[in-house]
Amino acid sequence: MHKPLRIAAIAAACAVTGAALYGAGAATAGQSTANSTHEPYNIGLLVKDIDTYYGTTADANGVYQASSDSPYAKDLARIDSAARKYIDQAARKAHHRGEKAAVVFDIDDTLLLSLDYEKRYNYTYNATTWADYVNKADRPGVFGSAELVQYAESKGVEVFYNSGLSEAQRTAAVANLKKIGADVNLDADHMFLKDKANPPAYLSSCATPGTWTCTTVQYKSGTRKHIEDDLGYEIVANFGDQYSDLDGGYADRTYKIPNPTYFVS
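In this report, the structure presented in the accompanying data block is examined. (Residues numbered from 1 in each chain as written. Predicted model: local features only at pLDDT ≥ 70, side-chain atom pairs only at ≥ 80, totals over all residues. Heavy atoms only, no water.)

## Some words on the state of the cysteines
Step number 1: On inspection of all chains with the given rule, the structure shows one disulfide.
Step number 2: The disulfide bridge from C206 ends at C214, spanning 1.9 Å between sulfur atoms. Because the torsion about its S-S bond is 85°, the bridge between C206 and C214 counts as right-handed. Here C206 and C214 have matching classes, each one buried. (Disulfide = S-S within 2.5 Å. Buried < 20%, exposed > 50% of the residue type's maximum accessible area, 1.4 Å probe, protein only.)

## Brief notes about the side chain of S244
Step number 1: Tracing the chain through its elements places S244 in helix α9 (residues 243-246).
Step number 2: Every residue in contact with S244, bar those within four places of it in the chain, is listed here: T216, V217, K220, V264 and S265. (Helix = DSSP H or I, 4+ residues; strand = E, 2+ residues; numbered from the N terminus. Contact = heavy atoms within 4.5 Å.)

## Here's the deal with the sheet that holds strand β9 (residues 254-256)
Step number 1: Pairing is parallel in the open sheet, where five strands are placed in the order β5-β4-β3-β8-β9. Two strands bound the open sheet, and with one partner strand each, they are β5 (191-194) and β9. Neighbour-to-neighbour, the strand axes of the sheet open up by a mean angle of 20°, direction not taken into account.
Step number 2: Judged from the four bridges that link them, strand β3 (residues 100-105) and strand β4 (residues 158-166) form a sheet pairing that is parallel. Within β4, the position partnered with V104 by the bridge is F160. (Pairing = 2+ DSSP bridges. Axes fitted to C-alpha atoms, helices over the stretch in contact; angles between N-to-C directions.)

Written out as structure tokens, the structure reads:
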């Protein structure tokens, strides 16, 4: 993918309230910006806040993991509960109307947790180390994510993936999602990844073979538009850890997954 903007100091507020439902197209969690005219929040203290939020611990293999009783896990559980209730209602309504309901999931830090990478590289990004990390296909699942994917499928809702991972990372992404139990619709017709060499025609306004100028919002919303307008689905819910995963429309409801470790514009 990965992240064009890596800002560790994304906001202490996001670390404790970032799990809020983003619903109906308007953010409900506060965001600070990098344009402050006063002294920014101390980055050392922010890292401690992030560790407290995730309940970060190293396992027996030295891999940093989030704790299942952390504030992060509790925020995810609240989102999961609300999303399940809504998906159930939306599926029933779509069936009654004769519509094909769908849900869309981002992958990085929406389904697969990259906390270990962030910790090891001090919240900085390097394309080589990131590619190596992704290709290991060994990231843990975001708490409850695989179960939510399976739940949507059980309600007759079509599952799609809309990720900033590259086409070259497809094999690793599929293997990792299978490993965490999110083994639903992992084919090329349902998993949309960035293909800068041969972008799809529906992104022609910002991408042609060999030339990619799409912003994250253009890429993600353009893909959702394709799912709705070309494939004939009604996207009832869209899940992502970045606001750029969610902006741009083509989803009845959006859910912001907490992630205080980086920011993608």
